[in-house]
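# Structure assessment
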There are 4 protein chains.
Amino acid sequence: MDEWRKRVRVGVIGGNRPEKRHLDMARKVGECVARAGAILVCGGLAGVMEAAASAAKKAGGLTIGIIPGSVPGEANPYIDIPIATGMGYARNCLVAMNSDVLIAIDGEYGTLTEISYGNIYGKRVIGLDTWEIKGVVMASSPEEAVALALQKGAPGD
Amino acid sequence: MDEWRKRVRVGVIGGNRPEKRHLDMARKVGECVARAGAILVCGGLAGVMEAAASAAKKAGGLTIGIIPGSVPGEANPYIDIPIATGMGYARNCLVAMNSDVLIAIDGEYGTLTEISYGNIYGKRVIGLDTWEIKGVVMASSPEEAVALALQKGAPGD
Amino acid sequence: MDEWRKRVRVGVIGGNRPEKRHLDMARKVGECVARAGAILVCGGLAGVMEAAASAAKKAGGLTIGIIPGSVPGEANPYIDIPIATGMGYARNCLVAMNSDVLIAIDGEYGTLTEISYGNIYGKRVIGLDTWEIKGVVMASSPEEAVALALQKGAPGD
Amino acid sequence: MDEWRKRVRVGVIGGNRPEKRHLDMARKVGECVARAGAILVCGGLAGVMEAAASAAKKAGGLTIGIIPGSVPGEANPYIDIPIATGMGYARNCLVAMNSDVLIAIDGEYGTLTEISYGNIYGKRVIGLDTWEIKGVVMASSPEEAVALALQKGAPGD
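Residues numbered from 1 in each chain as written. Chains lettered and ligands numbered in written order. Predicted model: local features only at pLDDT ≥ 70, side-chain atom pairs only at ≥ 80, totals over all residues. Heavy atoms only, no water.

Let us now look at the nonpolar core. With 228 residues, the main nonpolar core has Ile103 of chain A, Ile103 of chain B, Ile103 of chain C together with Ile103 of chain D as its most contacted residues. Non-local contacts of Ile103 of chain A, meaning those with residues more than four positions away in its chain, are made with Val10, Gly11, Val12, Ile13, Val29, Ile126, Leu128, Ala145, Val146 and Ala149 of chain A. (Core = buried A, V, L, I, M, F, W, Y, C linked by side-chain atoms within 4.5 Å. Buried < 20%, exposed > 50% of the residue type's maximum accessible area, 1.4 Å probe, protein only. Contact = heavy atoms within 4.5 Å.)

We now examine the relation of the copies chain D and chain A. For the pair chain D and chain A, the relating rotation is 180°, the translation along its axis is 0.0 Å, and the fit reaches an RMSD of 0.0 Å. The symmetry that links the two subunits is that of a two-fold axis. (Least-squares fit on C-alpha atoms with pLDDT ≥ 70 in both.)

Looking now at the environment of Thr63 of chain A. Residues and elements named next belong to chain A. Topologically, Thr63 is positioned in strand β3 (residues 63–67). Separated by 32 residues in sequence, Thr63 and Glu31 place their C-alpha atoms 11 Å apart. Contacts of Thr63, omitting those with residues within four sequence positions, involve Leu40, Ala53, Ala56, Lys57, Tyr78, Ile79, Asp80 and Ile81. A distance of 2.8 Å separates a polar side-chain atom of Thr63 from the backbone nitrogen of Asp80. (Helix = DSSP H or I, 4+ residues; strand = E, 2+ residues; numbered from the N terminus. Polar contact = N/O pair within 3.5 Å; in protein donor to acceptor, adjacent residues only side chain to side chain.)

This part covers the sheet that holds strand β1 (residues 9–14) of chain D. Residues and elements named next belong to chain D. If you trace the 7 strands from one edge of the open sheet to the other, you get β4-β3-β2-β1-β5-β6-β7, paired in parallel fashion. Single-partner strands in this sheet number two, and they are β4 (81–84) and β7 (137–138). Where strand β3 (residues 63–67) lies against β4, 4 bridges are found, and the strand directions are parallel. Pairing of Ile64 across the sheet is with Ile81, part of β4. Helix α5 (residues 109–120) contacts β1, β5 (101–105) and β6 (124–128) of the sheet and is inclined by roughly 145° relative to β1. Along the sheet face, helix α6 (residues 142–150) touches β1, β5, β6 and β7 and points at about 175° away from the line of β6. (Pairing = 2+ DSSP bridges. Axes fitted to C-alpha atoms, helices over the stretch in contact; angles between N-to-C directions.)

The subject of this paragraph is the packing of aromatic side chains. In this structure the tally under the stated criterion is 14 aromatic pairs over all chains. Centre to centre, the rings of Tyr109 of chain A and Trp131 of chain A are 5.4 Å apart; their planes meet at 50°, and the pair counts as tilted. In this pair, Tyr109 of chain A sits in helix α5 (residues 109–120) while Trp131 of chain A sits in the loop between β6 (124–128) and β7 (137–138), placing the two residues 22 residues apart along the sequence. For Tyr109 of chain A, a relative accessible area of 12% corresponds to the buried category. Pairwise contacts between aromatic rings join Tyr89, Tyr117 and Tyr121 of chain A together with Tyr89, Tyr117 and Tyr121 of chain B into one cluster. (Phe/Tyr/Trp six-rings, centres within 6.5 Å; stacked < 30°, edge-to-face > 60°.)

For the rest of this paragraph, the subject is the confidence of the model for chain A. Looking at chain A, pLDDT values average 95 and 96% of them are 70 or higher. Confidence metrics for the complex model read pTM 0.96 and ipTM 0.95. (pLDDT = per-residue confidence, 0-100.)

Attention now goes to the pairing of strand β2 (residues 39–42) of chain A. Put simply, side chains in a regular strand alternate between the two faces of the sheet. Residues and elements named next belong to chain A. Here β2 shows no split at all, with Ile39 and Val41 on one side and Leu40 and Cys42 on the other all buried. As paired elements, strand β1 (residues 9–14) and β2 share 3 bridges and run parallel to each other. Bridging from a neighbouring strand, Gly11 pairs with Val41 of β2. Running through helix α2 (residues 20–35), the crossover from β1 to the neighbouring parallel element β2 is right-handed. Sheet analysis places β2 next to β3, joined by 3 bridges and oriented parallel. Bridge pairing in β3 links Cys42 to Gly65. (Right-handed = clockwise from strand over helix to strand, strands pointing away.)

Have a look at this one:
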């Protein structure tokens, strides 16, 4: 089993038109994910996805972007491994499927599909200023969100 | 343009392990949808989907079931037009895409993905004892739910 | 089990920029499929798909069009039941999945994916002036193609 | 733009029950792909896919496996970056979409869908003892196949 396979994959989900404070949260989450040695998975486009990926790259991490279009090059420049799906919004299902745990930041209905798929697939979902529904564990800071995401022995671990 | 194409398509979404009262609601919704001359779209499996389809058939309606598996015959027996997708839960996206309006009854995270996709695609979502979130117009009875779904000039119409 | 469910579903596949003689073949195939009481399944767009669907409609048949886009209304006007997938060319897999048997007319690589998926799913594939490969039974006329498609006891039946 | 993004991605496609000589070819192709600094993309399961990935790993390469199931861990142990799709055979479309060029070794109808999708997406397809159809450039050895795949200025480059 290769070294890459042993790493936890943290999905960071959220809107593509977030406010500045959500972008700051996303950057901090991306940085913490990378520093912890985890792989960052996201939808590969703009907003929260790009902020998290850019910070993860800066901190030396690996980033996977699962995009709705059919051309891998459409992923934002901070994605190491772009995966094109050509499936449009149905790719949200694949973002959840390919994450061990999810951190949701802000976000609208696309993020809500990912939160839901996360719950369907039995993944823990941590929230930062996002949909406050059953199945989302709210965190009070990006650092806490990543800590909760990587916590051993938590429900769903 | 054929006659079938002019009919409104109402998606009925909900859990596959509902309580009896949710099954009763689903049956009434299916019946009203068929009586109004609309086509019933659903996920083609058990629970709310089967109850609604069975009542729609009994009332002379047409039913479409978009299923997660790859064998059309897996749809419940009340589905006239089974559509196999082989996509698992990502098929929830197609249920929303192929409905003009959605009625959610009870339901867990699968239903929540469909409510979310409905909102992404700009479809009205009517709710009966389901997720009470922004983007769901709650109805107080199956009859009212179908009336709201088929109302002309409503937002999203 | 409803009457619609008992009908054979014949997938008609082929190019969207065919020559006139292929359009003639497609029309004849569509007509024969409808006259035999079978449902016509296709990709819902132009060329062979539209010619077959238009003739099937004229002969009183029912037509299903599984389209690559996410808006059901994009199907050609001869489709009774448009199914949007939003999956682009991956929808070719669903065309094969939802047909009991396939008739390929002319066609390029899209048609070849459908011929291949037909074989993967154990469906018989009949060919008219199309890819002559293992797994395609060539017919010499549209009438023969439909007869072969609906033949009982044939391999794959 | 990250270093990973600059690397060519070579899709290696082929059967999951190949003969020994095809496995030998796949291993040699995987080794050459890795030595050339390219990323190996495949379907992530057994046979040609596993042989190519295992040799690519041994030679220090990076491997991506796009699998039909919904659990990333189902990929063979030589896959660094497993991508679960839950789409069954429709994932073949994504294998082509995410490769800059394809090398087909042996293979049945699944491989033929990938060859076809490769042509649809304008990717060069190199063949080793596989479907000899228009749109496949046959190579006489694994070394030649990889050389043709990585050749600059070739049609489709």
